[in-house]
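Examination of the molecular architecture
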Amino acid sequence: MSDSDRFVPRVPGVQYGILDELTGYAVRRAQIRMYEFFISALTPWNITPPRFSALTIVSLNPGLKLTELARIMGIARSGVVALVDVLEEMGYMQRLPVPGDARAFALALTDKGQEDLKAITAAVQAQDQKASAALTPQEQALMREMLLRLSDAPN
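All values derive from a computational prediction rather than experimental measurement. Going along each chain's sequence as written, the residues are numbered from 1 onward. Only residues with pLDDT of 70 or above have their local features reported here, since the model is predicted, and side-chain atom pairs are shown and tallied only from 80 upward, although totals for entire chains, interfaces and linings are computed over all residues. With hydrogens and water set aside, each side-chain value is computed from the structure's full complement of heavy atoms.

Some remarks on the overall build of the protein
The helix and strand tally for the protein stands at 6 helices and 2 strands. The way it works is that DSSP assigns letters per residue, a run of H or I at least four long becomes a helix, a run of E at least two long becomes a strand, and they are numbered from the N terminus. In the protein, the succession of α and β elements from N to C terminus is α-α-α-α-β-β-α-α. Looking at the protein as a whole, 26% of its 155 residues qualify as buried. The criterion used for residue contact is that any of the two residues' heavy atoms lie within 4.5 Å. Restricting the contact set of the protein to residue pairs at least 6 apart, pairs at least 24 apart contribute 47%. Accessible surface for the protein amounts to roughly 10,300 Å². Of this, 58% is attributable to carbon and sulfur atoms. Both charge centroids of the protein, one from 16 positive and one from 17 negative side chains, sit 2 Å from each other. Partly exposed describes any residue whose relative accessible area lies between the buried limit of under 20% and the exposed limit of over 50%, with all areas from a 1.4 Å probe on protein chains only and scaled to the type maximum. Note on areas: Shrake-Rupley with a 1.4 Å probe; residue coverage comes only from the protein chains shown. Counted as positive: Lys and Arg. Counted as negative: Asp and Glu. His and the chain ends are not counted at all. Taken as the charge centre is NZ of Lys, CZ of Arg, CG of Asp or CD of Glu, depending on the residue.

Examining unusual backbone geometry
Look at Asn46: it is not a glycine, yet its phi comes out positive at around 60 degrees. Among the structural elements, Asn46 can be located in the loop between helix H1 (23-41) and helix H2 (49-60).

Quick word on the pairing of strand S2 (residues 101-109)
A pair of strands is considered paired only if DSSP assigns at least 2 bridges between the two. Inspection of the sheet shows strand S1 (residues 93-98) paired to S2 by 6 bridges, in the antiparallel sense. Its bridge partner lying in S2, Pro97 is registered against Phe105. The turn joining S1 and S2, which pair antiparallel and follow one another in sequence, is formed by 2 residues; a positive phi near 85 degrees is taken by Gly100.

Describing the packing of aromatic side chains
Two rings belonging to Phe, Tyr or Trp (six-membered ring only in the last case) form a pair when the distance between their centres is within 6.5 Å. Interplanar angles under 30 degrees mark stacking, angles over 60 mark edge-to-face geometry, and anything in between is tilted. On inspection of all chains with the given rule, the structure shows 1 aromatic pair. We call a charge positioned above a ring when the Lys NZ or Arg CZ atom is no farther than 6 Å from the ring centre and deviates by at most 35 degrees from the ring normal. The cationic tip of Arg29 hangs over the ring face of Tyr16; the distance from NZ or CZ to the ring centre is 5.8 Å.

Quick notes on the confidence of the model for the protein
Detail in the predicted coordinates should be disregarded across regions flagged by low pLDDT. Each residue carries a pLDDT score, the predictor's confidence in it, ranging from 0 to 100. Taken over all residues, the pLDDT of the protein has a mean of 91, while the share at 70 or more is 97%. Across the protein, element-level confidence peaks in H2 with a mean pLDDT of 97 and bottoms out in S2 with 89.

Let's talk about the layout of surface pockets
Computed over the protein atoms alone on a 1 Å grid, cavities are sets of points where a 1.4 Å probe fits but cannot get out and pockets are open sets with protein on both sides within 12 Å along at least five of seven lines; a residue lines them when it has an atom within 4 Å of a point. Grid points are joined across faces, edges and corners, and a volume is the space filled by probe spheres set on the points. Its volume calculated, the largest pocket comes out at about 1,300 Å³. Around the largest pocket, the lining comprises 31 residues; the ones closest to its centre are Gln31, Met34, Asp128, Arg144 and Leu147. If you tally residues by element for the lining of the largest pocket, the top one is H1, at 10 residues.

Side note on H2
In this scheme, a helix's expected span is set at 1.5 Å multiplied by one less than its residue total. The end-to-end C-alpha distance of H2 is 17 Å, a good match for the 16 Å that 12 residues give at a rise of 1.5 Å each. Three or more residues of H2 are buried, namely Arg51, Phe52, Ala54, Leu55, Ile57 and Val58.

A closer look at the nonpolar core
Residues belong to a common nonpolar core when they are buried Ala, Val, Leu, Ile, Met, Phe, Trp, Tyr or Cys residues joined through side-chain atoms within 4.5 Å. Counting residues in hydrophobic clusters, the biggest one holds 25 residues, and the most contacted among them are Ile47, Leu55, Leu69, Leu87 and Met93. When residues of this core are assigned to their parent elements, the largest contribution, 5 residues, is made by H2. If we skip the residues at most four places from it in the chain, Leu55 touches Ile47, Leu87, Tyr92, Met93, Leu109 and Leu117.

Here's the deal with the side chain of Arg51
Within the secondary structure, Arg51 is located in helix H2. Despite being buried, Arg51 has no salt bridge partner; Glu89 is the closest side chain of opposite charge, sitting 7.8 Å away. For salt bridges, the criterion is a side-chain nitrogen of Lys or Arg within 4 Å of an Asp or Glu carboxyl oxygen.

Notes on the packing of H1 against helix H5 (residues 111-131)
Each axis is a line fitted through C-alpha atoms, taken for helices only over the stretch in contact, and angles between the N-to-C directions span 0 to 180 degrees. One way to put it is that H1 packs onto H5 with a least axis distance of 9 Å and a crossing angle of 145 degrees. In terms of crossing hand, the pair formed by H1 and H5 is right-handed. Along the contact surface, H1 presents Met34, Phe37, Phe38 and Ala41, while H5 presents Ala123, Val124, Gln127, Asp128, Lys130 and Ala131. Across the contact of H1 with H5, the residue classes break down as 7 nonpolar, 1 polar and 2 charged. Crossing handedness: left-handed means the near helix sits turned counterclockwise from the far one by under a right angle, and right-handed means the same turn made clockwise. Each residue is assigned to one of three groups, with Ala, Val, Leu, Ile, Met, Phe, Trp, Tyr, Cys and Pro labelled nonpolar, Asp, Glu, Lys and Arg labelled charged, and all others, Gly among them, labelled polar.

And the structure:
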């Protein structure tokens, strides 16, 4: 990504009005910046945030079904099917038969998936620290706590 393609969270001379008072707008601007850091760090593996999430979840919960992964990730079943298809093509994930249910598949990482996930996770952790460097460790922890509270808020 070239510098001219990067998101500019505050364009000099532009008035943002009410947007500067909206939590959702601030979260979205931060999310765009975090996404740029993430994509840049994971270019060698062609890993996106949903791919990393799926790899991590399946690595810790082998045997999940597609419908379970879709629910956990908050995406449609068709979306998770496409996601798993790509991860299979990359050699990271596999579908295994579920005994007693010919229509279902259990998900598991391949050996390559397990091995590469170690390096991918290290790169994610390093980029997350870089992206969060403007905050102290205590502020980072508080930010995560507050964002989790927002995500758990009732409708």
